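Tertiary structure, described
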Amino acid sequence: MKILLLCLLAISTAINGDEDLSIRLRGGSSPWEGRVEVYHDGEWGTVCDDQWGMSEAAVVCNQLGYPLATTADRLLRFGKGSGPIWMDNVACSGDEDSLEECNRNAWGDHDCSHSEDAGVICSEDEEGAVRLLGSSSRFEGRVEVMYRGNWGTVCDHGWSDNDADVVCRQLGYQKAKTAVTNAYRYFGYATSPYILEDLRCDGYEDTLLDCVPYDDTPEGCDIYDVAGVFCHGSEDDGLSPEATAGIVIGCLVMVGILLCCVIGVISAKSKKKRATTARQDMQADQMVYHVSNTGAASVSGFPQGPYGQPGQYPAPAPGQYPAPAPAPAYYMTPTMDAPPAYEVAGSGSMGAMGTTQTTQGQTEEHIYKEAM
């Protein structure tokens, strides 16, 4: 906002030329304070502080775009200027649009030196602005009001819930939780002069200064008689609709971020599992079993055997191991009417011969011999 004001001022000067009045502040630590300088006849010059007061300072601040003036400086706190002294004996009502419209001497007509250069301190806060002090939470504190260019404390004489509602609504909250008297117990003692007491607000005024009647000359208020408030703001039901919408949108964004994180973790684990399974399958495929023509079995991947090629074990040579004993000789005579009968040939017998008739009438002989 301040940069925009400076840009507009520069553009106005360039377009309108030297005949129109331009104004600036120099020597201050911030853009809203400094020594007053005006532009005339192609040159910047200062303003003498004869008759310089709050009405003149208010015109300067309004001309620069600030809502009010807090100080009309006649103490040279912003240093001496240089060049011509363009204005002297300036007398404004406070409603003028520029210093040029105020009563004053002619351009350059003065009896001053630069040790009498006038200055101002403007405020970014409007008349009737409020602030809460003495707490780390922005929803609570002792109440101060901008009144006639200065911050002042509100005395708690007659302080009510309706008064507190006006303060909280002015700060952007829907209403007050509690109107606090003797607020020094929570938010410390008053550090600025008392400027208001006995406010009688309905609760829906725009500022405390709209509450009438009020006493702007408090008497009998000491550092303990501090008015304070607890505003709704930490609970959803006390937030303004704009604040509630912001919180909801923020929560939705956070949920979306968490959901993306969960999906990412699950996807990473799934990829890792698939990679592990594929690696195991590859290792299993490398375990190749094959049998040679000679009957020797080999297993790929096993250590080299004592014989043959690496990983191969030869089949035993013929006669290397005794042949198994032959099984006893049996002969059986299956019949159609009874289960087959099995007879074992006796020791030393040359064999036995059994004959049976099949259903087709064919004869089948089964000879079983038992080697001795």
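Our structure's up above, just so we're on the same page.
Below is a summary of the structure that appears in this document. In this text, all values refer to a predicted model and were calculated from it rather than measured experimentally. (Residues numbered from 1 in each chain as written. Predicted model: local features only at pLDDT ≥ 70, side-chain atom pairs only at ≥ 80, totals over all residues. Heavy atoms only, no water.)

Along the protein chain, the regular secondary structure elements total five helices and 19 strands. The proportion of buried residues among the 372 residues of the protein chain is 34%. Considering only residue pairs separated by 6 or more positions, the protein chain has 60% of its internal contacts joining residues 24 or more positions apart. Only carbon and sulfur atoms are counted for the fraction: they give 55% of the accessible area of the protein chain, which is about 22,500 Å². (Helix = DSSP H or I, 4+ residues; strand = E, 2+ residues; numbered from the N terminus. Buried < 20%, exposed > 50% of the residue type's maximum accessible area, 1.4 Å probe, protein only. Contact = heavy atoms within 4.5 Å. Areas by Shrake-Rupley, 256 points an atom, 1.4 Å probe, with all protein chains shown as cover.)

What follows concerns helix α3 (residues 161-170). Residues of α3 that are buried: D163, A164, D165, V166, V167 and C168. As for α3, its buried residues are in contact with β7 (130-133), β8 (140-147), β10 (176-180) and β12 (228-231). Positive backbone phi, approximately 105 degrees, marks G172, located one or two places after α3.

Attention shifts here to the pairing of strand β3 (residues 43-47). For strand β2 (residues 33-40) and β3, the ladder comprises four bridges, and the chain directions are antiparallel. Along β3, the bridge assignment pairs Y39 with W44. By the bridge criterion, two bridges tie β3 to strand β5 (residues 85-87) in an arrangement that is parallel. Pairing of T46 across the sheet is with I85, part of β5. (Pairing = 2+ DSSP bridges.)

Our next topic: a nonpolar patch on the surface. A grouping of I249, V253, M254 and I257 is seen on the molecular surface, where their side chains present a nonpolar patch of about 380 Å² in accessible area. Mapping I257 onto the fold places it in helix α5 (residues 241-285). Judged by its relative accessible area of 42%, I257 falls in the partly exposed class. (Patch = residues over 30% accessible without salt bridge, like charges linked within 9 Å, V, L, I, M, F, W, Y side chains within 5 Å. Salt bridge = Lys/Arg side-chain N within 4 Å of Asp/Glu carboxyl O.)

With that settled, the discussion passes to the side chain of R35. Mapped onto the elements of the fold, R35 is located in strand β2. Among residues more than four places away in sequence, those in contact with R35 are R24, L25, R26, T46, F78, G79, K80, G81, D117, A118 and G119.

This brings us to the environment of R169. Turning to its location among the elements, R169 is positioned in helix α3. The sequence separation of R169 and C231 amounts to 62 residues, and the corresponding C-alpha distance is 8.8 Å. Those residues in contact with R169 that sit more than four places away from it in its chain are Q174, K175, G203 and Y204.

Our focus in this paragraph is the state of the cysteines. Disulfides are covalent bonds that link the sulfur atoms of two cysteine residues. Summed over the entire model, instances satisfying the criterion amount to six disulfides. Across the disulfide from C61 sits C122; the S-S distance is 2.0 Å. Its S-S torsion of approximately -90 degrees makes the covalent link between C61 and C122 left-handed. Of this pair, C61 sits in helix α2 (residues 54-64) while C122 sits in strand β6 (residues 119-123); the two residues are 61 residues apart in sequence, bridging distant segments of the chain. On the accessibility criterion, C61 (0% relative accessible area) is buried. Between C155 and C221 runs a disulfide, and the two sulfur atoms are separated by 2.1 Å. (Disulfide = S-S within 2.5 Å.)

Ranked by size, the top nonpolar core spans 25 residues in total, and within it V143, V145, V154, W159, V167, L208 and V229 carry the most contacts. Where this core is concerned, the elements lending two or more residues are β7, β8, α3, β10, β11 (194-196) and β12. At four residues, α3 tops the list of elements feeding residues into this core. (Core = buried A, V, L, I, M, F, W, Y, C linked by side-chain atoms within 4.5 Å.)

Evaluation of the coordinates by the stated rule reveals four salt bridges. E37 is the salt-bridge partner of R35, the closest N and O atoms lying 3.1 Å from each other. R35 gets classed as buried once you look at its relative accessible area, which sits at 10%. For E37, a relative accessible area of 6% gives the class buried. In this structure, the salt-bridge partner of E144 is R131, at a minimum N-O distance of 2.8 Å. Of the two residues, E144 sits in strand β8 while R131 sits in strand β7, which places them 13 residues apart along the sequence. By relative accessible area, which is 1% here, E144 ends up buried. Counted as one network, the salt bridges with shared partners bring together R24, R35 and E37.

Take the environment of Q51 next. Among the secondary structure elements, Q51 is positioned in the loop between β3 and α2. Along the chain, Q51 and D88 lie 37 residues apart, while their C-alpha atoms are 8.4 Å from each other. In contact with Q51, not counting residues within four places along its chain, are E56, R74, N89, V90 and A91.

This paragraph deals with the packing of aromatic side chains. Within the structure shown, the criterion is met by nine aromatic pairs. Consider the rings of F139 and Y173, whose centres lie 5.2 Å apart with planes at 65 degrees: the pair is edge-to-face. One end of the pair, F139, is in the loop between β7 and β8; the other, Y173, is in the loop between α3 and β10, with 34 residues separating them in the sequence. The burial state of F139 is the same as that of Y173; both residues are buried. For the pair Y189 and Y224, a centre-to-centre distance of 5.5 Å together with 80 degrees between the ring planes defines the contact as edge-to-face. With Y189 in the loop between α4 (184-187) and β11 and Y224 in the loop between β11 and β12, the pair connects residues that are 35 residues apart, well separated along the chain. One aromatic cluster is present, formed by Y184, Y189 and Y224 through successive ring pairs. Of note, R24 hangs over the ring of W44, and the distance from its end group to the ring centre comes to 4.1 Å. The ring of W107 carries the charged tip of R104 above its face, separated from the ring centre by 4.4 Å. (Phe/Tyr/Trp six-rings, centres within 6.5 Å; stacked < 30°, edge-to-face > 60°. Lys NZ or Arg CZ within 6 Å of the ring centre and 35° of its normal.)

Worth remembering: the numbers are spatial, not functional.
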